[in-house]
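# Topology and contacts: notes
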2 protein chains.
Amino acid sequence: MAGAKPLGEFDLIDRYFRVPALASTAVRADVTLGIGDDAAVVTLPPGQQLVAALDTLVEGRHFLAGTSAQSLGHRALAVNLSDLAAMGATPLWYLLALTLPRVDEAFLLGFSQGLHQLAGLHDIVLIGGDTTAGPLSVSVQVLGKVSPGQALLRSGARIGDLLYVTGTPGDAAAGLQLERGLAADLACSAAQQLELRQRFLFPAPRIALGRALVGIASACIDVSDGLAGDALKLATASGCGVQLHIDKLPLSASLLAFKGPLVARELALAGGDDYELCFAIPPARQAALEDSLINVKCAASCIGSLVGDPGLQLLERGKPVQLQHSGFDHFATAG
Amino acid sequence: MAGAKPLGEFDLIDRYFRVPALASTAVRADVTLGIGDDAAVVTLPPGQQLVAALDTLVEGRHFLAGTSAQSLGHRALAVNLSDLAAMGATPLWYLLALTLPRVDEAFLLGFSQGLHQLAGLHDIVLIGGDTTAGPLSVSVQVLGKVSPGQALLRSGARIGDLLYVTGTPGDAAAGLQLERGLAADLACSAAQQLELRQRFLFPAPRIALGRALVGIASACIDVSDGLAGDALKLATASGCGVQLHIDKLPLSASLLAFKGPLVARELALAGGDDYELCFAIPPARQAALEDSLINVKCAASCIGSLVGDPGLQLLERGKPVQLQHSGFDHFATAG
C-alpha cells in the first residue's frame, strides 16, 4: 500500500465490515440498528434470556505474529461462540473491537473473510464495534439467547454423573506446535500435520451440540485452557471432584502419530485451544445423549465421572496415576 | 510485588472484579448468572429492546503511558456509557476485557475503583469478561435497554432543526494537553488547570439527559472525536448539512483562561474526548427541552442548526468564517 492515501477508520469499517453486516441485516428483522450509530439496537425474542460473552485475542499470547489473518478472524469469533455453546445458548449477534498497528488491506481482507464465513455458518450478524490503532488485538462480544432457566452452568453436576468430551482434544495444541515450527522429524504425514494445524487455526464451536445438551447435561464448560484443568473447574464449581480415565481419552490418529501416545495424552489433557465441550450427565440420560449426538452429528466420549473427593484424579486401567498437567493460566504462565 | 507469588488470572478476577459484581448481583434480580461461568445470563425487561456498545482504549492512543489507573477504569466505562446516552438508552450491565503487561496490584486497585465507582453511580453490574497478558488495553461492552422505536439515532434530524451541545466542550482536550505536559506559561490558575485535567480524566456520561431527550431530540450523537466533526456526522447521517455559530460555543472560564479565546474555540470544535451530547431538536420543542434540562440538572447550548446545503459551515456573527478543524480519525492520524 506504499503511496496509497491512508484509509480512515470510517472507510475501513465500510469496506470490510459494514457491507456484509447490512446484507445480513436486511434478512434479520431483529436488528433495528446495526453498525454506524453510537450503539446497536436489537430485539431479543420475547421470553428469552440474554447470554453475553466477551473474549480477547492478543498477538504473541493467543496467536503468533504473522499468523493467518483468516484464522485470526475465525478464532476471535469461534472462542466466543464456544462460550455460548457451553451455555446451551443460540448466538444471534456480535460486536468487534479490532486494534491494528496500521491499516493493512491484505490483512483486513483475510480477517474479515474468516470472521464473516464463521458468522454466516451460524447465521449471526455483526452489529457494531470499534477499530483503533495500536498493538494487534481482537475483542469479540457475542450475544445470544436461551430459554429462562435452561442455560447450562458449570455448577450443576452431581456425584456419580458421567463426564464427556466432544471431538479429539489435544489436536489443536499439536497444531500450535507445528505452527510455531517446534516439531521436527515427525512420524505423522503431511496430511496429518495439516489436519492438526487446521484444528488450531479453525476450531469449530459446538453450538448445535450445546443446544442439544439442554435438558440432558447437568453441567458444561468449553475446553479452552486444557481438558484436565477445565474438567476440574466444572467439578469444583459443582462441589465435586473428578476422575479422568486417561486410557479413555479420544486421541486422533493424527495426534497419536504426531509424537507418540505419551505426548498425545499430555496434549489432550493440558494442551488447550480445543474449543470442545466437556459436560456431565446423570447416567440415566446416556440413551438421550446418544440420540442427540447422532442428531447433531457430533462425537463425544465418556472419559470419567464426578466423585465426592475434591480435586482431579487421573486413572489408567482403573488405577491412580501421576502425570504432569496444568491449566493455561494467562498470568501465571506469562512471567 | 517483587518475590510475591504470581497472581493467577482467576485470583485476579476474584480479588478485583468478582466481589463487587456479586455484591451488586445480589440486589439485581435481572442477573441470573454473572462472572465465573463461560458466559453471563441476564433478563431484559419485557418489551424492551437491547442496546449494545463496545469501545476499546489503547495505551498511547487513548491514554498516556503512566496515566492514572483510576481514570482509565473510569474512562473505559464512561466512553461506552456515553454511547448509550447518545441513544437515549438506560445502561444495565457491562463486560470488561482487560489486557495487562503484567499483574500490578496497585494498578488493578485503582482501575477497579474507577470502574466500580462509575458503575455504582449508574447502578450497572459487571457480568463478565476476560483478563489476559499483553500490551495495556481495555475493551468495555455496555448493554442497556430502550423502549421499541425510541432509540435516538444520528439520522433523524431535519432541515431547520436546532443543534445543541451539553456542557463545555474543549475542556477535555485542554486537560489532555496539561496531562501531556504540553502547556507551559499559562494564565489559568492551578484550580482551573485541575478542573480541565479532571474533565479529561473523569468525563461524566450524560445518561440522564440522553433518556430525557427521548421524544424531544430528532437526532443525537456523543462528542468523542471533536464537536465539529461529530456534528457533521449527525447532519450527514440525517441527509442535511450543519451551520455552527462559533460565537455561541459554550466555552468554560477555565478553557478561556487556558490559552485564550482562539485556542479555546479550536479545542471546543476539534478537541475530542468531551463525551458530551450533541443533538438536534425541532424548534417547537425548545420549551420541552428547557424543562428536561432543568429536571436532569444539565446545561446545554444552542450552537447552530441543520441546513439543506451538505457539509459543515462555521459562522461568526452570522457570517461564514474559515477555521482549521478536523475530526479524530484513528488511522488517518496514526501514521
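This section reports on the structure supplied with the text.

### Focus: the overall build of chain A
A count of helical and extended segments in chain A gives 10 helices and 13 strands. Counting every position in chain A, which comprises 335 residues, the buried fraction comes to 59%. Of the contacts formed within chain A by residues at least 6 apart in sequence, a portion of 85% connects residues at least 24 apart. Approximately 12,700 Å² of chain A is accessible, and the part contributed by carbon and sulfur atoms is 54%.

### Structural notes on unusual backbone geometry
Positive phi values are uncommon outside glycine, yet Tyr275 of chain A reaches one of about 55°. Mapped onto the elements of the fold, Tyr275 of chain A is located in the loop between helix 9 (261-270) and strand 10 (276-281).

### What about the interface of chain A and chain B?
Contacts between chain A and chain B engage 63 residues on the former and 63 residues on the latter. Taken together, the two surfaces of chain A and chain B that pack against each other cover about 4,900 Å², and 61% of this comes from carbon and sulfur. Counting every contact that joins chain A to chain B gives four salt bridges. For Arg154 of chain A, the salt bridge goes to Asp37 of chain B, with nearest N and O atoms at 3.7 Å. Its residues placed into classes, the side of chain A that touches chain B shows 34 nonpolar, 16 polar and 13 charged. Pairing analysis gives three bridges linking strand 3 (residues 49-58) of chain A to strand 2 (residues 40-42) of chain B, with the strands arranged antiparallel. Across the sheet, the residue bridging to Ala52 of chain A is Ala40 of chain B, located in strand 2 of chain B.

### Digging into the packing of helix 2 (residues 69-86) of chain B against helix 3 (residues 105-121) of chain B
Residue and element names in this part refer to chain B. Between helix 2 and helix 3, the shortest axis-to-axis distance is 6 Å and the interhelical angle comes to 35°. Relative to helix 3, helix 2 is oriented so that their crossing is right-handed. When helix 2 is examined against helix 3, the residues Ala69, Gln70, Leu72, Gly73, His74, Leu77, Ala78 and Leu81 are found in contact with a partner set consisting of Phe107, Gly110, Phe111, Gln113, Gly114, Leu115, Gln117, Leu118 and Ala119. In the contact of helix 2 with helix 3, the residues fall into 10 nonpolar, seven polar and no charged.

### Focus on the pattern of salt bridges
Taken as a whole and judged by the stated rule, the model has 22 salt bridges over all chains. Here Asp38 of chain A and Arg154 of chain B are joined by a salt bridge, their closest N and O atoms 3.1 Å apart. With Asp38 of chain A in the loop between strand 1 (31-33) and strand 2 (40-42) and Arg154 of chain B in the loop between strand 6 (137-146) and strand 7 (162-166), the pair connects residues from two separate chains. Both residues of the pair, Asp38 of chain A and Arg154 of chain B, count as buried. As a salt-bridge pair, Lys233 of chain B and Asp230 of chain B come within 2.8 Å of each other at their nearest N and O atoms. With Lys233 of chain B and Asp230 of chain B both in helix 7 (residues 227-237), this residue pair falls three residues apart, about one helical turn. For Asp230 of chain B, a relative accessible area of 1% translates into the label buried. Beyond isolated ion pairs, a larger network of salt bridges with shared partners links Asp171, Arg199, Arg206 and Glu276 of chain A.

### Overview of the relation of the copies chain A and chain B
With an RMSD of 0.0 Å, the operation that places chain A on chain B is a rotation of 180° combined with a shift of 0.0 Å along the axis. Expressed as an axis order, the relation between the two copies is that of a two-fold axis. Mapped onto chain B, 100% of the interface residues of chain A again fall at the interface, so both copies present the same surface.

### Focus: the sheet that holds strand 3 (residues 49-58) of chain B
Reading across the sheet, the six strands line up as 1(A)-2(A)-3(B)-6(B)-4(B)-5(B) and stay open at both edges, with mixed pairing between neighbours. The open sheet has two edge strands with one neighbour each: strand 1 of chain A together with strand 5 (125-133) of chain B. Taken pair by pair, the neighbouring strands of this sheet meet at an average axis angle of 20°, ignoring direction. Taken strand by strand, helix 2 of chain B contacts strand 3, strand 4 (90-100) and strand 6 of chain B, and its axis lies near 145° from that of strand 3 of chain B. Strand contacts of helix 3 of chain B: strand 4, strand 5 and strand 6 of chain B, with the helix running at about 170° to strand 4 of chain B, the strand carrying the most contacts.

### Quick word on the sheet that holds strand 10 of chain A
All names here are of chain A. Strand order across the open sheet formed by seven strands is 8-10-7-11-9-12-13, with mixed pairing between neighbours. Either end of the sheet is taken by a strand with one partner, and the two such strands are strand 8 (219-223) and strand 13 (319-321). Between one strand axis and the next, the sheet turns through 35° on average, direction left out of account. Pairing of strand 9 (residues 241-245) with strand 12 (residues 311-316), which is carried by five bridges, proceeds in the parallel orientation. The residue of strand 12 that forms the bridge with Leu244 is Leu314. With respect to the sheet, helix 2 (residues 69-86) is in contact with strand 8 and strand 10, its orientation differing from that of strand 8 by roughly 165°.

### As for the packing of aromatic side chains
Each aromatic ring pair is described using two quantities: the centre-to-centre distance and the angle formed by the ring planes. Residue and element names in this part refer to chain A. According to the stated counting rule, one finds four aromatic pairs over all chains in the structure shown. When the centroid spacing of 5.5 Å and the interplanar angle of 5° are considered together, the rings of Tyr164 and Phe279 count as stacked. With Tyr164 in strand 7 (residues 162-166) and Phe279 in strand 10, this pair connects stretches of sequence that are 115 residues apart.

### Remarks on the nonpolar core
Among the nonpolar cores identified, the biggest contains 57 residues, and Phe17, Leu77, Tyr94, Leu96, Phe111, Leu213 and Phe279 of chain A are the most heavily contacted of them. What Leu77 of chain A contacts, discounting residues up to four positions off in sequence, is Tyr94, Leu115, Leu118, Ala119, Ile124, Val140 and Val142 of chain A.

Scoring rules and cut-offs
Residues numbered from 1 in each chain as written. Chains lettered and ligands numbered in written order. Predicted model: local features only at pLDDT ≥ 70, side-chain atom pairs only at ≥ 80, totals over all residues. Heavy atoms only, no water. Helix = DSSP H or I, 4+ residues; strand = E, 2+ residues; numbered from the N terminus. Buried < 20%, exposed > 50% of the residue type's maximum accessible area, 1.4 Å probe, protein only. Contact = heavy atoms within 4.5 Å. Areas by Shrake-Rupley, 256 points an atom, 1.4 Å probe, with all protein chains shown as cover. Buried area = accessible area lost by both parts, 1.4 Å probe. Salt bridge = Lys/Arg side-chain N within 4 Å of Asp/Glu carboxyl O. Nonpolar A, V, L, I, M, F, W, Y, C, P; charged D, E, K, R; others polar. Pairing = 2+ DSSP bridges. Axes fitted to C-alpha atoms, helices over the stretch in contact; angles between N-to-C directions. Left-handed = near helix turned anticlockwise from the far one by under 90°. Least-squares fit on C-alpha atoms with pLDDT ≥ 70 in both. Phe/Tyr/Trp six-rings, centres within 6.5 Å; stacked < 30°, edge-to-face > 60°. Core = buried A, V, L, I, M, F, W, Y, C linked by side-chain atoms within 4.5 Å.

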